[in-house]
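Next come the chains, spelled out residue by residue.
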Amino acid sequence: MSLIEDIQASAISEAGDVSALLRKCKLLAARLDNREFASWVDRELSGYPEGAALPSYRVVGVRSYGHFVGPFGMKANGLQIPVSVLPEQLKESYRTARLDQAISTYQNLLGGDSGGSARIAWPTELAIHCASKLTPNMQCVEAWIEIPLGAIHRLVSEVKTAILGFAIDIQREAPNAGDSPVGGPKLISEERVTQIFNTNIAGNVGNVANANTTVEQSATVVGQAGDWTSLKTYLESLGISNTETIALKEDLDAHVGQDPATLKTKLGTWVGGLVGKVMSSGAGVAVDAAASGIAKAIASYLGIPLS
C-alpha cells in the first residue's frame, strides 16, 4: 500500500488515532516538500501558538456552570452561569472556547463517548467574586466551562475530511507523489500542491479572524500600478516573509505588460500561494478576507481591473 493510500484508508476509518494519521501526513508533507501543508500538520499535532487565529472547527460555543452553597446547608449544584456576571473584557472568552492544544489532548477526552462534556475550571477567585453575583445569599465554590464532546468529535472529523480530500487530489494529480524519497525529484509542483492544500484545507476550514476587516482596507493602500513599496508593506502585515515577497516581485514583474485576461488567470495562482502562507504565519486573518485583500492589492499593482 502506498503512503497516500494508507493515509486515505486511515482518514476513512471511524476508529484509529488521528495523531498517527497526522504523522503520516507529516511524512507526506516532507516528500512533497510543501511548507503550508507541513505547518498545518505540525500545528494540529503540537498545538497552535497562543493568540494565533484558529480554524473554525477549533472554536466552539460554550456555557458555564457552578456549585453554590448558602446558610443552613443550602446547596445549588450545576447552576448555569451567564456571562453577564463577568467583566466586559472577559465575556467573549467565556462564550467561546479556543481548542488550541494538540489534537491528541482532545481525542483522549472522547473515550468512545459521543455524549457528555469536558470541563475547563474557572479560576477560583473569578468563581467567588463574579459567579456569586448570580445567587443572593449564596457563594459560588466551583465554576467551570463545559465543552460538548460533540464539538471534539467534529474537530476530529473535520481534520480527517480535510486530509482525505487533500490525499485524493494529490493522488489524482500524481499517483506516486507520496512515495518519492525526501529530497528526491518532485512529481508534482509546489505551486500545484499549494493549490490543492488551499482547496481542501485552508479554503475549507478557514481561519477565525482576529481582525478580518483590516485586510481589505489595507489593500486599498496599493493605489497605483507599480507601487511595490505599498504592496510589500501590505503583504508583510499578513505575515509574508521578505524572502517570499522578493520572489513574488520577480514573478509579478516578469508578467507586467501581458494582456489583462492572462494576468487574471495567473492572479488565482498568486493568491492561492499567498493565502496558504498567511494561514501558516498565524497572522490572525480569515482565509476569505486574506484572499480578497491580496487579489485587490496585486490587481492594483499590475494595473488590471478585477471585475
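Residues numbered from 1 in each chain as written. Predicted model: local features only at pLDDT ≥ 70, side-chain atom pairs only at ≥ 80, totals over all residues. Heavy atoms only, no water.

Visitor: I'd like to hear about the overall build of the protein chain, residue by residue, with values.
Guide: Helix and strand counts for the protein chain come out as 13 helices and six strands. When the 307 residues of the protein chain are sorted by exposure, 46% land in the buried category. Taking the contacts inside the protein chain whose residues are at least 6 apart along the sequence as the reference set, 73% of them involve residues at least 24 apart. Of the roughly 14600 Å² of accessible surface on the protein chain, a fraction of 52% belongs to carbon and sulfur atoms. (Helix = DSSP H or I, 4+ residues; strand = E, 2+ residues; numbered from the N terminus. Buried < 20%, exposed > 50% of the residue type's maximum accessible area, 1.4 Å probe, protein only. Contact = heavy atoms within 4.5 Å. Areas by Shrake-Rupley, 256 points an atom, 1.4 Å probe, with all protein chains shown as cover.)

Visitor: An account of the sheet that holds strand E5 (residues 117–121) is needed here, citing residue identities and associated values.
Guide: Strand order in the open sheet formed by four strands is E3-E2-E6-E5, with antiparallel pairing between adjacent strands. Two strands close off the open sheet at either side, each with one partner strand: strand E3 (75–81) and E5. Strand-to-strand twist in this sheet, taken as the mean axis angle between neighbours without regard to direction, amounts to 30°. Here strand E2 (residues 63–69) pairs with strand E6 (residues 139–148) via seven bridges, running antiparallel. Pairing of Gly66 across the sheet is with Ala143, part of E6. Contacting E5 and E6, helix H7 (residues 149–173) runs over the sheet at an angle of about 35° to E6. (Pairing = 2+ DSSP bridges. Axes fitted to C-alpha atoms, helices over the stretch in contact; angles between N-to-C directions.)

Visitor: Tell me about the packing of helix H2 (residues 18–32) against H7, and name the residues and values.
Guide: Two elements in contact, H2 and H7, have axes separated by 11 Å at closest approach and are oriented at 30°. Like other packed secondary-structure pairs, H2 and H7 cross with a definite hand, here left-handed. For the pair H2 and H7, contact is made by Val18, Leu21, Leu22, Cys25, Leu28 and Leu32 and by Val156, Val159, Lys160, Ile163, Phe166 and Ile170, respectively. Residue classes in the contact of H2 with H7 are distributed as 11 nonpolar, no polar and one charged. (Left-handed = near helix turned anticlockwise from the far one by under 90°. Nonpolar A, V, L, I, M, F, W, Y, C, P; charged D, E, K, R; others polar.)

Visitor: Can you lay out the layout of surface pockets for me, pointing to particular residues and giving the numbers?
Guide: If you add up the space inside the largest pocket, you get close to 380 Å³. If you go around the largest pocket, you meet 16 residues; those closest to its centre are Glu191, Asp251, Trp270, Gly273 and Lys277. Looking at the lining of the largest pocket, the elements with two or more residues in it are helix H8 (190–205), helix H11 (242–255) and helix H12 (260–281). The element contributing the most residues to the lining of the largest pocket is H12, with seven residues. (1 Å grid on protein atoms, 1.4 Å probe; cavity = no way out; pocket = protein on both sides within 12 Å on 5 of 7 lines; lining within 4 Å. Points joined across faces, edges and corners; volume = space filled by probe spheres on them.)

Visitor: Give a detailed account of the environment of Ile147, specifying residues and quantitative values.
Guide: Of note, Ile147 is situated in strand E6. Here the alpha-carbon distance between Ile147 and Arg119, two residues 28 residues apart in the chain, equals 6.2 Å. Apart from the residues lying within four places of it in its own chain, the contact partners of Ile147 are Val60, Val62, Ala97, Leu99, Ser117, Ala118, Ile120 and Ile152.

Visitor: Explain unusual backbone geometry to me, using residue names and the numbers behind them.
Guide: Despite not being glycine, Asp33 has its phi angle at roughly 55°, a positive value. With a relative accessible area of 43%, Asp33 lands in the partly exposed category. One non-glycine residue, Asn137, lies in positive phi territory at about 65°. Relative to the elements of secondary structure, Asn137 occurs in the loop between helix H6 (124–129) and E6.

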